[in-house]
Amino acid sequence: MERVTLIENRLREAFTPQKIEVRDDSRLHAGHEGAKSGGGHFAVTIVSPTFQGKNPVQRHQMIYQALGDMMKKEIHALSIQAFTPDEL
């Protein structure tokens, strides 16, 4: 299964988002040290009521936790935009 799909599936399961977009930006980082080990560069925009009452750092930590072991090998860099529905 493609990494984008894996990331999206894990985040859907964890947060039941109203909106989610996962983008693979790995091609923009070809030759980068982290890319050499096989880890990709991704960007996530996610909207979920689960983030209500959480600050940005807490939201990022929640996402890292949901992605679990993928953060060690398959994801080298992750840009995150996490919102509640009220913030849009």
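Calculation criteria
- Numbering of residues starts from 1 in every chain and runs along the sequence as written.
- Residues qualify for local features only when their pLDDT is at least 70, as the model is predicted, and side-chain atom pairs are given and counted only at 80 or more; totals for whole chains, interfaces and linings, by contrast, use all residues.
- Hydrogens and waters are ignored; side-chain quantities use all the structure's heavy atoms.
- Only DSSP runs of H or I covering at least 4 residues are called helices, and only runs of E covering at least 2 are called strands; the numbering of each starts at the N terminus.
- A helix is expected to reach a length of 1.5 Å times the quantity of its residues less one.
- Whether a residue is buried, partly exposed or exposed follows from its accessible area with a 1.4 Å probe, protein chains only, as a fraction of its type maximum: under 20%, in between, or over 50%, in that order.
- Within this analysis, the arc is defined by the directions that extend from the helix axis to the C-beta atoms.
- Residue contacts are defined here by distance: any two heavy atoms, one from each residue, within 4.5 Å place the two residues in contact.
- Throughout this description, a polar contact denotes any pair of N or O atoms lying within 3.5 Å of each other; where both atoms belong to protein, one of them has to be capable of donating a hydrogen while the other can accept it, and for residues adjacent in sequence the pair is counted only when both atoms sit in side chains.

1. Observations concerning helix α3 (residues 56-67)
Taking 1.5 Å per residue, 12 residues should reach 16 Å; α3 reaches 17 Å between its end C-alpha atoms and fits that length. For α3, every residue scored as buried is listed here: R59, M62, I63 and L67. Take α3 and look down its axis: the buried residues cluster within an arc of 130°, on one side only. Opposite the packed face of α3, turned more than 90 degrees from it, sit the exposed residues V57 and Q65. Structurally, α3 contributes buried residues whose contacts are with α1 (3-15), β2 (40-47), α4 (70-73) and β3 (75-83). Where α3 starts, the residue carrying a side-chain oxygen 3.0 Å from the main-chain nitrogen of V57 turns out to be N55. Trailing α3 by a residue or two, G68 shows a phi angle of about 50°, which is positive.

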